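Structural overview for review
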Amino acid sequence: MKSFAPLRVALLYPLLGVTLAQTTKPHRVEVSDIQGVSFQSPFSGEYVEVSGVVTAKDRYGAWIQGQSSEDQRASTGLRLYGNLAAKRTNVGELVSVVGRVTEYRSGDNDLFLTELDQISSVTTLSGNAGVEPLVLGVDRTPPRNQLSSLDNGPDGWLSLPNNVTLLESVNATLRPEEFGLDFWESLEGQLVTVPYPTAVNFPDRFGSIWVYGDWPVTGRNERGGLTIHTDTNGIPPAHPEAILIGRAPDGTRNPKTIMGAKLGNITGVVTYQFGNYYILPLTAPEVLQIPSADAQPSTLDSAIHSCQLRIGDYNVENMSPRSRHIPHIAEHVAHYLHTPDIVFVQEIQDDSGSRDNGVVSANKTLKALTDAIKKASGGVHYDFVNVDPEDNKDGGSPGGNIRVAYLWRPERVSLIPGTIGNATLATVTVVDDEGNVELSYNPGRIEPLASAWEEARKPLAAAWQTTSGERFYTVNVHFSSKRDSSSAQGDARPPVNGHAERRQSQANVTATFVRSLLDLDADASVAVAGDMNEYLATRAVLRPLSAVLHDANELAGVPPAERYTYAYDQHAQEIDHVFVSDAIARRRGASFTIAGSDSSVEVEHVHVNTWARSLGERASDHDPTVIRLWVCDPKDDDPSVAEEYGPTHEQVVL
């Protein structure tokens, strides 16, 4: 568990001198005067005398709550830091304290916490002076959607460029009815209760839990999580209505939670630490109800024609030949995805795993996976293909050489014959002697030497044909990670979205390739899928792809709140996407359409990992996705072939 003690960085306004300040009679003020109506105290650097009721304490100090204020912008709670506060206060006592007002933060991008340090006097005025906690959702309700008035770009908190303004430099007057950071700042140090809390994720590595209480929220999915999406005003919600529950000062430990878990009421003090606002509970909450961890298998388990295909997409998280999670991934492909015709996979490591020994081939890894799928499914065989990267040039764990790859069922589809590319050769679209579009290398990498792919996985393009000889095309991607991002509740506004500009470039290179293909054949069936490490709500990043292709979720009518394949902090999020070309989007297949849609594209996200019983039980940090679509039009004289999947998931032609 992190602690407050190791590093203290204080913001102090100039004083006439410490000796003079300490010997001058301190100002007699209220807690609300110290807190003020902006992010920083108007008394910062000054010595004051203040009184309040002790609401909580830990080994580093205590919290007090003063007289109520008619101005909701000014908090009536305050942190007291130091041994004197820790030793000479008891919960429930009314105390008078003399000390220095300071603004503290432990990291450069943290917001300041207003507190009293250099405490020289603690006087107990009375005992048994309890404080009634403010009930969130009743007395005060967190605003929805946006965190800060400074996140004023077209995509709100996800706007580019990042880090345009520093919140603490502006030190704006709080607007707690409108913005989440302002709301929690206006309660800093106060005793509050979260009624009927719902957990939205697993605990973080320090045991802290993101929750929301009995109040309105945005993007609530059926499981109980909060999904990032674009709201009706076009601005993606940042879910400021969720709050982290930290470690209780009494030493009790938070329970293990999962998305949708119901907890007992939580009462604690609001603070800021480690990049986020927290409530430190007086004692750890209890779990009252846990939702089932049994994810529902996909219902997209059959195809009615050779032109109708099922495609799976799965980031299998650093898979090597010896990975313990191979059987679990295989079970997911077999029993939850129902052995799709093609599976896009990401994070396939080389045959030596994370050992940095110059090995780049991943044939053993892919064979281990396909063998495990064959065993789990009762006999379904997959062929596989990938292009080996240059050693340690594609990012990820050093020596692991992660890459994207395809698995496919040869009785359903096949690669169009051609030469497989290598790590540095770029595949391009060409027209053969018969007027068909093909790839110069099949499969081949897209612009692998472009600066966009420095220390990143290169996309793998492939040209395929169905059993009836109809062509279609795919691109498997894994864009750069969000490493080096800042906290969404930090000083930088908008928050730093790590490597967003690089992902934007990667999306542009990928879209340019797809456009080159469509320039040769406007009716080409193209599917682009994979781990893009970005939300569609960050429109500036993925705009190049959305300008030339269609989001499969949108075509399939998947409710926005149910579009998630990943969970991080308080957000359920979709960072694994599927885009399809106009031809696939408008195709209705065998006179079949989805209600309310002009397309026959179907999508299901299978929550085998985000719904797991614990972090340790996940097979991957991503959920897989299944898409059913038509890559060609059935001909009038072409009889439909109904294909279904029996208990062993082997196709049976009826």
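Residues numbered from 1 in each chain as written. Predicted model: local features only at pLDDT ≥ 70, side-chain atom pairs only at ≥ 80, totals over all residues. Heavy atoms only, no water.

**Regarding the state of the cysteines**
Applying the stated criterion across every chain, the model contains one disulfide. Two residues share a disulfide in this structure: C307 and C632, whose sulfurs sit 1.9 Å from each other. Its S-S torsion of about -105° marks the bond between C307 and C632 as left-handed, since a negative value means left-handed. Remark: C632 occurs in the loop between β35 (625-630) and β36 (643-645) and C307 occurs in the loop between β17 (287-289) and β18 (308-319); sequence separation between them is 325 residues. In this pair, the class of C307 matches that of C632, namely buried. (Disulfide = S-S within 2.5 Å. Helix = DSSP H or I, 4+ residues; strand = E, 2+ residues; numbered from the N terminus. Buried < 20%, exposed > 50% of the residue type's maximum accessible area, 1.4 Å probe, protein only.)

**Section: the packing of aromatic side chains**
Counted by the stated rule, this structure contains eight aromatic pairs. Judged by centre distance (4.9 Å) and plane angle (80°), the ring pair of Y272 and Y277 falls under edge-to-face. Both residues of the pair, Y272 and Y277, count as buried. Consider the rings of W453 and F479, whose centres lie 6.1 Å apart with planes at 45°: the pair is tilted. Of this pair, W453 sits in the loop between β25 (444-445) and β26 (460-466) while F479 sits in the loop between β27 (471-478) and β28 (492-493), and the two are 26 residues apart along the sequence. (Phe/Tyr/Trp six-rings, centres within 6.5 Å; stacked < 30°, edge-to-face > 60°.)

**Describing the environment of I627**
Mapped onto the elements, I627 comes out in strand β35. On a C-alpha basis, the gap between I627 and Q573 in space is 18 Å, while along the polypeptide they are 54 residues apart. If near-sequence neighbours (up to four positions away) are discounted, I627 is found in contact with L309, R310, I311, V578, V601, E602 and V603. (Contact = heavy atoms within 4.5 Å.)

**What to know about the packing of helix α8 (residues 500-520) against helix α9 (residues 539-548)**
Direction vectors running N to C along α8 and α9 enclose 10°, while the axes themselves pass 7 Å from each other. One element, α8, and the other, α9, form an angle in the roughly parallel class. Counted together, A500, R503, Q504, A507, N508, T510, A511, R515 and L518 of α8 and A540, V541, L542, P544, L545 and V548 of α9 form the full contact between these two elements. Of the residues contributing to the contact of α8 with α9, the split by class is ten nonpolar, three polar and two charged. (Axes fitted to C-alpha atoms, helices over the stretch in contact; angles between N-to-C directions. Parallel < 35°, antiparallel > 145°, perpendicular 65-115°, else oblique. Nonpolar A, V, L, I, M, F, W, Y, C, P; charged D, E, K, R; others polar.)

**Re the confidence of the model for the protein chain**
The predicted model of the protein chain has a mean per-residue pLDDT of 92, with 92% of residues at 70 or higher. Note on residues 1-21: pLDDT is under 50 here. Beyond four places in sequence and across chains, it has 43 contacts. Counted against residues more than four places away or in other chains, residues 591-596, with its pLDDT under 50, gives ten contacts. (pLDDT = per-residue confidence, 0-100.)

**Let's talk about the nonpolar core**
Counting 51 residues, the largest nonpolar core has L136, W184, L187, Y277 and I279 as the members making the most contacts within it. Elements with a minimum of two residues in this core: α5 (180-185), β10 (191-194), β12 (209-212), β13 (243-245), β15 (266-273) and β16 (276-281). Each residue touching Y277, except ones within four places of it in the same chain, is listed here: F39, L111, L181, W184, E185, I243, L244, T271, Y272 and Q489. One finds C307, I342, W464 and V558 within the second-largest nonpolar core, a separate group that totals 33 residues. (Core = buried A, V, L, I, M, F, W, Y, C linked by side-chain atoms within 4.5 Å.)

**Focus: the side chain of N386**
Relative to the helices and strands, N386 is located in the loop between β20 (383-385) and β21 (403-408). Looking at N386, its side chain comes within polar contact range of the side chain of R403, at 2.7 Å. Setting aside residues up to four positions removed in sequence, N386 forms contacts with A362, N363, L366, R403, V404, A405, I420 and L460. (Polar contact = N/O pair within 3.5 Å; in protein donor to acceptor, adjacent residues only side chain to side chain.)

**Notes on the pairing of strand β3 (residues 47-58)**
In terms of residue burial, β3 counts as a mostly covered element, since ten of its twelve residues are buried. By the bridge criterion, two bridges tie strand β2 (residues 27-28) to β3 in an arrangement that is parallel. Across the sheet, H27 pairs through a bridge with V48, a residue of β3. Relative to strand β6 (residues 94-105), β3 runs antiparallel, the two being bridged by seven bridges. Across the sheet, residue V48 finds its bridge partner in β6, namely G99. Relative to strand β4 (residues 61-65), β3 is paired through five bridges, and the arrangement is antiparallel. Each bridged residue has a counterpart across the sheet, and for A56 the counterpart in β4 is W63. In textbook terms, the turn of a hairpin is the stretch between consecutive antiparallel strands, and for β3 and β4 this stretch comprises two residues. (Pairing = 2+ DSSP bridges.)

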